[in-house]
Every structure is written in C-alpha cells, then in structure tokens.
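Breakdown of the fold
Residues per chain, in single letters:
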Protein chains: 2
Amino acid sequence: MTKTPSRAIDLAVVGTVALDDVATPAGKADAVLGGSATYFSVAASLFARVGLVAVVGDDFPRPFRELLAARDIDLSGLETAHGRTFHWAGRYDGAMNAATTLKTDLNVLETFSPSLGEGHRQAPYVFLANTAPAIQLSVLSQLTKPRLVVADTMNLWIDVARDGLLEVLRRVDGLVVNDEEARSLSGARNLIAAGKRLLGMGPRFVIVKKGEHGAFLFGRDRSYALPSYPLEDVRDPTGAGDSFAGGLMGALAASGRFETADVARAMVYGTVTASYAVSTFSLDGLSKVSRSDVEGRAEDLRRFVTL
Amino acid sequence: MTKTPSRAIDLAVVGTVALDDVATPAGKADAVLGGSATYFSVAASLFARVGLVAVVGDDFPRPFRELLAARDIDLSGLETAHGRTFHWAGRYDGAMNAATTLKTDLNVLETFSPSLGEGHRQAPYVFLANTAPAIQLSVLSQLTKPRLVVADTMNLWIDVARDGLLEVLRRVDGLVVNDEEARSLSGARNLIAAGKRLLGMGPRFVIVKKGEHGAFLFGRDRSYALPSYPLEDVRDPTGAGDSFAGGLMGALAASGRFETADVARAMVYGTVTASYAVSTFSLDGLSKVSRSDVEGRAEDLRRFVTL
C-alpha cells in the first residue's frame, strides 16, 4: 500500500518509472530517467500537486528521486521493490516519428500491483498511464471520489487485453492515445472517424496525439485541432505523449473545469510541456522549466494558431 | 499566343490540364479530368475571374471543356495542340499520403511554351503551377503588372533544375510546396526550420502543405498553422494541393490584401476547396460546390481551430 502523503494530492498518476537507453539522430543517452509516470509527473507538477504511484528497484539512483522531489512531486506512492528498475532501450530514426524498441526489461514491474493508500484513493484527478488494463481497472475500483479520470494505453493491450481495455473505456472520463492506437482500437483508418468511434465507446472526450502534427480533441459537443509547438530542433521524442498528458491534466486540475472547451485550452499546456520534453534527452529540459516559461510558450502557441 | 479574354482576368494560372487514371482504396477512375491548372482554376473560380493557361491535345473531351466554362473560367489561354493530352496514372495506398506514379505521358506538354496575350500579361494575380522553372521564368518575364505572384514546384525540378528554381524563388511573392519538397529544397529535415530557410530564399511568404495534417505558413512577421478540414471519408487525394492553392489565391485576389494575416485567412478557403476535391474522384465534387457551401465549411473550420 502507498504511504500517506504529507499534503493532499490533487492529481494522482499510476504508471512507470524507468531507466531509458535512447539513441536519436541528435545523440544518445544511457540509463537516464524515463517512464510514463515520470514525464507525466514532472509536466503536471508545473500546475498541481502530483502524487506519483509506481515501482522502482533498489538500484534506482538517488539523484533521480531528488529530481522528482525537487518538483514537489509526492513520492509516498513510489514503492521500492527488491530487484532492478524497469529498463527500456529504444532508437528513433529519420524524422523521429516512431521509436524502435530494442529492449524491454520489466524487472520489478513484472509483479507490480498498486495498492493505493487513503491519500491517493481520494485524489480528485487521476491519470492511468499506459499499464495493463487489469491494473487500470484495479486502480479505478480503489478511487473514492474522482472528479476526472483519464487513461492512456498502447497497442500491446489493444491486441492482447481488448476486453479489459473496453471496460476501462466505459469507466473513464477521457482517453489520450496516439494516432496508431486510435486506428487500432477503433478499427477506422481515418483519424476523424477513429476519434468519433472511440468517443462512442464511453469517454466524454478523446484526444488523438499525432506527434509533430499536433493533436485532435473529440468531445460530445465539438471537436478541436491543435498543432504541435513549432520547434526547429527536436532531440529526443521520448516522453512527449506523457508530458502532453501531464500538462493537460495539470492544467485541468488547476482550472477545475472540464467542458470540451476547457480540455481544448488545457491541450495548449500539454503541447507546451511536450515541447520542452522533446528539446532535450530525458527530463533535462522539462525538469528545469518554470511556470512563466510555460506561459510564454503557451502564448506563442495561441498566436501560432490564431487567424 | 493566348487569345484575348472576353472580360478582364483577375487571376491567371499557368500549369497543366490532364487526363488522369487514378486508383485509391476507395475505387478507381480512368481518363478523368485532372491537371494542376484544372484543379486550381475550378477552386479559384469560386472567388475570382480565372484565366487558365495550358495546353491540351485534340483528343480533349468537349464535356471537360464545358465543365470549366460553366465555372466562368476564361479558356482563351487554353491552347489545343495537335496530338494527345497529357496523361497521368497514379495509385494511392493505405492512408493515401503519397501517390505512386504509374505513368506520365507528357504528349502535347512536351513542347508547351506559353506565350501570353495582353489580357493574361496584365493579370494582377498569377499562380505558376508546377512546371519547369524555365517555363515559370518565361511567364514571369511576360507579366506587366503583377500584384502577387505565387509558385509551386516539385521534387523533379529541385533535383534537375535547382538554379532555375532558385531564380524563380527570388522573383515571386509566395511559394506553396508540400512537406517533402520543402525538406528537399531547403535541406532541412525539420519542417519549421525548412519553412524558415525557404523564406530566406526570396518569397515574402512560404506555405508548406502537409496533406491530411494541414499546412504551415511562414511570413516575415509571423508563422501560422492550420489543420486540414476534418473529413471522415477521403476518396481521392489527387489535386488536393492545387485546389488548396486555387482557394488560397482566389480568396487573396478577392480580398486584395496580402499581409501574412491575410494569407492565413485565405488558407482557410484553400483548405476548404481542397476538402471538396478529395471527397470525390476528379472534379466531381469541387465543380459542383457553391460559394455558400464554401462559407459554411470555412465557418466549421474556424470553429475547429478556435479555443
């Protein structure tokens, strides 16, 4: 069970904390801090008090824990298990649109089954990062007063745990997936058709991320499109989607409003936090960003899309 | 030399009129009306009096000529040469992001060298569709009072006639290219960097089209991004880029203003005319559209991108 947080958590995230080996046309980095919950937490911490729920091994470097603590992220839900931390290795080529996975050592992740303490169960905002639908459902059943729950997933679960995933979709408020996942889960090749079908599967809103091409939002009352932040130099796309989700959920938790138009406005923040994530390897850029840096880029992005 | 138009031309386009064989996942069509100047003219005719400058063979079907005339497009610059009309065959697979060219029979196009009459030389707005840079330069030198000249090109000319193309870039106001052409012409893989480099090569504005992902505009004072119109069913992408350019230039000719913000607003119309072009094979959809249909979709599109 997760421990008691020192202060109330606004936004709980359940996902992975990883060590990553990454190679891109811009360079390489080994055993750097990564993982879905990590990128999410650092991005969301710009807007809200985040509680990170994940597991690491007893090899997890102290400086990485300190980086998270320095962002005022609550780590009482970060379990340390005997063994090695989840380790992912991947490579991006060319236009860096997709990662080639070279290695996935689950290690301590293999037996991870999060049992939330009272402080995490009561979190009003919850993000279920990409984990097995069974884990996502277990977390959902532990929540006592969620105001907004949003889930991510990946193609593996769409293929091997579709029924569980469909049950997740019926029980969450929002879904955030990338273009390939949207196609695969909906069965529609066209992304507009895919987004609308996913909306019919339960959530109140669906966001389809398209990497450098931005993101679509599908809501009951309207749809919305936002391009990615205009960067001339992308160094490492790892964590872009989780940083997007973190900025999005952080901004939603801070505003307390989540009509479709509010989600659209929060996408600006998700897009900005993702832009910082991809400008450097690992969390090097995103972890140093201030709220006023983010507001500056948010204003740039709004100008970029305003007629 | 082109003949004298019956009424003053607002917008002249020099390019191709073709017969197309097209196969897509949605179906196939043989010997249908196509060509860059054709799609451009039909789209632009919604906004302005268009003069089409191109060549066809003596096999060019009368109904195709009538379709163009019915849009009030001036055809005094449409030369009929002895021989067969330019014939292109192509196929689109999967997400239809790129055409595979199966056949390019230049036919009468091989010896085409446009000599403009007075009515076409005096056109205030001119679009140089994709032709050899030598032809584009020849047309440029014949213009007597252009207010706004915009050019397109293709990878072939970037590879085999780069110097001529660079001269074109120094002499036009605007450039409209797709993402691959932008990368190839600029040498930058990142599209934001590519657009900015192209802007440094002469034009006052550069538009980079990204197909289903919309388009970027780069101007001296600002940049702008617009997604494509949210269609659930794309049947044939042929002519999308030329229809975009036609709607864009038609709207610019109608407004008479071309600051970067005006170009951005005109992109909405280009995006809408392209959306009609891709909804059907050939000009079947676009040629039946009314100005009020276009205004309706333009309003939809503005809502789609408004926070």
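Here's a quick rundown of the structure. (Residues numbered from 1 in each chain as written. Chains lettered and ligands numbered in written order. Predicted model: local features only at pLDDT ≥ 70, side-chain atom pairs only at ≥ 80, totals over all residues.)

1. Some words on the sheet that holds strand β5 (residues 78-81) of chain B
Adjacent strands of a sheet form backbone hydrogen bonds with each other and so pair up, either parallel or antiparallel. Residue and element names in this part refer to chain B. Stated precisely, the cut-off is as follows: Any two strands with at least two DSSP bridges between them are considered paired. By the criteria applied, helices consist of DSSP H or I runs no shorter than four residues and strands consist of E runs no shorter than two, each listed in order from the N terminus. To get an axis, a line is fitted to the C-alpha atoms, and for a helix only the part in contact is used. The angle between two axes follows their N-to-C directions and goes from 0 to 180 degrees.
On the basis of which strands lie adjacent, the open sheet formed by nine strands has the order β5-β4-β1-β8-β9-β10-β11-β12-β13 and mixed pairing. Strand pairing shows two members of the sheet lacking a second neighbour, β5 and β13 (223-226), which therefore form its edges. Adjacent strand axes in the sheet meet at a mean angle of 15° when their direction is disregarded. Here strand β12 (residues 215-219) runs beside β13; their pairing, made up of four bridges, is antiparallel.

2. Observations regarding the interface of chain B and chain A
Size of an interface: often given as the accessible area lost when the parts come together. To be explicit about the condition: What counts as a contact is two residues whose backbone-derived C-beta atoms lie within 7 Å of each other. Each residue gets one label: Ala, Val, Leu, Ile, Met, Phe, Trp, Tyr, Cys and Pro are nonpolar, Asp, Glu, Lys and Arg are charged, and the others, such as Gly, are polar.
At the interface, 24 residues of chain B touch 24 residues of chain A. In terms of residue class, the side of chain B that touches chain A is made up of 13 nonpolar, three polar and eight charged.

3. Observations regarding helix α8 (residues 191-199) of chain B
Residues and elements named next belong to chain B. Heads up, the rule is: Residues are called buried when their C-beta atom has 20 or more other C-beta atoms within 10 Å, exposed when it has 12 or fewer, and partly exposed otherwise; all C-beta atoms are positioned from the backbone. Directions drawn from the helix axis to the C-beta atoms are what define this arc.
Three or more residues of α8 are buried, namely Leu191, Ile192, Ala194, Gly195 and Leu198. For α8, the angular spread of buried residues about the axis comes to 160°, placing them on one side. Buried residues belonging to α8 abut β10 (174-178), α7 (179-186), β11 (205-209) and β12.

4. Considerations on the relation of the copies chain B and chain A
What counts here: Least squares is used to superpose the copies, and the fit set is the C-alpha atoms of residues whose pLDDT is at least 70 in both copies.
In the superposition of chain B on chain A (RMSD 0.0 Å, axial shift 0.0 Å), the rotation amounts to 180°. Interpreted geometrically, this transformation is the action of a two-fold axis. For chain B, the smallest separation between a C-alpha atom and the rotation axis is recorded for B:His213, amounting to 3.1 Å. A symmetric contact is evident, with 100% of the interface residues of chain B recurring at the interface of chain A.

5. Re the pairing of strand β7 (residues 99-105) of chain B
Residue and element names in this part refer to chain B. β7 sits mainly on the outside: zero of its seven residues count as buried. Examined bridge by bridge, strand β6 (residues 87-92) and β7 share six bridges and lie antiparallel to one another. Within β7, the position partnered with Tyr92 by the bridge is Ala99. Hairpin connection of β6 to β7: six residues between the antiparallel strands, including Gly94 at a positive phi of 50°.

6. Some thoughts on unusual backbone geometry
The residue A:Ser282 is not glycine, and still its phi comes out positive at about 50°. Within the secondary structure, A:Ser282 is located in the loop between α10 (260-278) and α11 (291-304). One non-glycine residue with positive phi stands out, namely B:Asp72, at about 60°. Within the secondary structure, B:Asp72 sits in the loop between α2 (62-70) and β5. Overall, B:Asp72 belongs to the exposed group, with 11 C-beta atoms counted inside 10 Å.

7. Considering the packing of helix α9 (residues 240-255) of chain A against α10(A)
All names here are of chain A. As a reminder, the rule being used: Small angles under 35 degrees read as roughly parallel and large ones over 145 as roughly antiparallel, with 65 to 115 read as roughly perpendicular and the rest as oblique. Working rule for handedness: look at the near helix, and if it is turned counterclockwise from the far one by less than a right angle, call the crossing left-handed; if clockwise, right-handed.
The N-to-C vectors of α9 and α10 enclose an angle of 140°; their axes lie 7 Å apart at closest approach. Relative to α10, the element α9 is oriented oblique. The chirality of how α9 crosses α10 is right-handed. In this structure, α9 uses Ala240, Ser243, Phe244, Ala245, Gly246, Gly247, Leu248, Gly250, Ala251, Leu252 and Ser255 to contact α10, whose residues at the interface are Asp262, Val263, Ala266, Met267, Tyr269, Gly270, Thr271, Val272, Thr273, Ala274, Ala277 and Val278. Looking at side-chain class alone, the contact of α9 with α10 contains 14 nonpolar, eight polar and one charged residues.

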